[in-house]
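# Notes for the structure review
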Amino acid sequence: MTEPASVGLLASLGINATYFVAQLINFSIVLVVMWKWVYTPLLKIMDKRAKDIADGLANAKRAESALVDAQAEKDRIVSDARAEAHALIEETRAKAEAIRAEKMTLAKKEIETAVEEAKERIKGEKLAAFESLKGEIGNLVALATEKVASGINDKDRKTLVEKAVSDLSGS
Amino acid sequence: MNIPIAAEPVFSIGGFVFTNALVNSTILMIAFVIFAGALRASMSVIPGKLQNAFEAALEFLFGYFDQVTGSREKSKRFLPIVGTLFFFILLSNWMGLLPGTGSIGVWQTIEGHRELVPLFRPASSDLNLTLAMALISVLSSHLIGMVSLGFFTHWNKFIQLGTIWKALKTLNPMKILVALIEFLVGFIELFSEAAKVVSLSLRLFGNVFAGEVLMTVISSLVAFFVPLPFMAMEIIVGIVQATVFAMLTLVYLTIMSSPPHGEGEHAEHHDAEHAPAHA
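Below: a short report on this structure. None of the values given here were measured: they were computed from a predicted structure. (Residues numbered from 1 in each chain as written. Chains lettered and ligands numbered in written order. Predicted model: local features only at pLDDT ≥ 70, side-chain atom pairs only at ≥ 80, totals over all residues. Heavy atoms only, no water.)

In this section: unusual backbone geometry. Residues and elements named next belong to chain B. The phi angle at Leu-171 is positive, at roughly 60 degrees, despite the residue not being glycine. Mapped onto the fold, Leu-171 is located in the loop between helix H6 (161–170) and helix H7 (173–221). Looking at Leu-171, the relative accessible area reads 69%, which means it is exposed. (Helix = DSSP H or I, 4+ residues; strand = E, 2+ residues; numbered from the N terminus. Buried < 20%, exposed > 50% of the residue type's maximum accessible area, 1.4 Å probe, protein only.)

Printed below as a string of structure tokens:
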């Protein structure tokens, strides 16, 4: 019995049910293995990576914006602090100037007082020295007059001494 | 020199006779399993060399896939089938260019003559494999169609009973005539589905088999240097055929997962009509 023409054609092209199934199984194994072991996990990883990159870029953008804000805030704080410090320095300088002026006035007053006291003291000492000197000189004059007037009478001598003492007291 | 269209039996294991094309496809299958296992074991968010290379290949493929599907989501959905077809066909084509293919064999007595039957033969030069892949390609497109659109919407593209029923309800002879014509066209579409399988399988088989014949003839005429340009051409043919098969499958998958012509237009029309009411 001859085989149908279609079967003959398929056989001449090498179509064989057993080999067809074998090749089908071979390719199916490759398909399933690649699907389950490669494509599915790899696509998940690629998606995750793409999401991470997108998130990272968004975060970087946010961080950049925050950095700009922080920079502006820093500039504002520094500017405020600088102004505050400047005001503080000015205030301190004014206070220091006032204190200095006060101290200067006080010191001047103290010096003037000390000078006055010294002057008074010098004046007193000078007077005392002068009085002492005057006494000494009186004695000397009296002695000298006595020596000079030893040759004259008592009345003239007395008058001369009195006059000398009177002159001395008058000077 | 004899290069038969059918793959030749070379040895048997446990009563199962292996053909030389089956040997190649089995080696390739084992290589894919090893590759997939190695990639899976080393897979991480920070890729190694192997993963990086494969990801680069996928990104390259996605560039072309997106042009056909129009969306990255669909490209990702169809990648397992289309990507596997592409890589499997590409590598099976290139395996046929490796030294030993066609030259290492076993001596057999065929029709009274002692002949060297090659141990290795390009897997795609066996119609059994190309037919199996074409069947998977077309059947998966129908499966995707049924999942995406629903069983009845999908099959109504081919057996348009719903269209006839709608036309009958209008009692408009013109509409009934058009529905009958569409019903017949649907049947023609069914035949074209079978034609897809035939054309996909025969195109790949024909190209690879012709390449194998060409290489065998050229190599038997001049062993050195002269076959080199032909080998270069076969490398390109390998890429082209893998691309054609994969892209056609992608087109089938995309078409089958898209709503039928009239329905989409009707839906758009319906939306346009109701848009002002919602606004």
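This next bit is on the pattern of salt bridges. Across all of its chains, the model carries 13 salt bridges over all chains by this definition. Its salt-bridge partner being Lys-76 of chain B, residue Asp-47 of chain A comes within 2.6 Å of it at the nearest N-O pair. Linking Asp-47 of chain A in helix H2 (residues 17–148) with Lys-76 of chain B in helix H3 (residues 72–95), this pair reaches from one chain into another. Of the residues examined, Asp-47 of chain A reaches a relative accessible area of 36% and is grouped as partly exposed. A single network of salt bridges, built from pairs that share partners, joins Glu-73, Arg-76 and Asp-80 of chain A. (Salt bridge = Lys/Arg side-chain N within 4 Å of Asp/Glu carboxyl O.)

Moving on, we get to the environment of Leu-10 of chain A. All names here are of chain A. Topologically, Leu-10 is positioned in helix H1 (residues 5–12). Exposure remark for Leu-10: the relative accessible area of 41% places this residue in the partly exposed category. Sequence spacing of Leu-10 and Asp-154 is 144 residues, and the spatial spacing of their C-alpha atoms is 192 Å.

All names here are of chain B. Mapping Ser-137 onto the fold places it in helix H4 (residues 127–149). For Ser-137, a relative accessible area of 0% gives the class buried. Sequence-distant contacts of Ser-137, that is, excluding residues within four places in its chain, are made with Leu-85, Leu-200, Phe-245, Thr-249 and Tyr-252. (Contact = heavy atoms within 4.5 Å.)

Residue and element names in this part refer to chain B. It is at 8 Å that the axes of H6 and H7 come closest, and there the two elements cross at 170 degrees. One finds that H6 runs roughly antiparallel with respect to H7. Counting all contacts with H6, which are made through Leu-161, Thr-163, Ile-164, Ala-167, Leu-168 and Thr-170, the residues of H7 involved are Lys-175, Ile-176, Ala-179, Leu-180, Glu-182 and Phe-183. (Axes fitted to C-alpha atoms, helices over the stretch in contact; angles between N-to-C directions. Parallel < 35°, antiparallel > 145°, perpendicular 65-115°, else oblique.)

Next up on the list: a nonpolar patch on the surface. Among the surface-exposed residues, Met-174, Leu-177, Val-178, Ile-181 and Val-185 of chain B lie close enough to one another that they form a single nonpolar patch of about 440 Å² accessible area. Positionally, Ile-181 of chain B belongs in helix H7. (Patch = residues over 30% accessible without salt bridge, like charges linked within 9 Å, V, L, I, M, F, W, Y side chains within 5 Å. Areas by Shrake-Rupley, 256 points an atom, 1.4 Å probe, with all protein chains shown as cover.)

So, on to the interface of chain B and chain A. Contacts between the two partners involve 45 residues from chain B and, on the opposite side, 31 residues from chain A. Roughly 3,600 Å² of surface becomes buried between chain B and chain A when both sides are summed, with 77% attributable to carbon and sulfur atoms. Our enumeration of links across chain B and chain A arrives at two salt bridges. The partner of Arg-49 of chain A in a salt bridge is Glu-55 of chain B, with the nearest N and O atoms 2.6 Å apart. Linking chain B to chain A there are eleven residue pairs in polar contact (both at pLDDT 80 or more). (Buried area = accessible area lost by both parts, 1.4 Å probe. Polar contact = N/O pair within 3.5 Å; in protein donor to acceptor, adjacent residues only side chain to side chain.)

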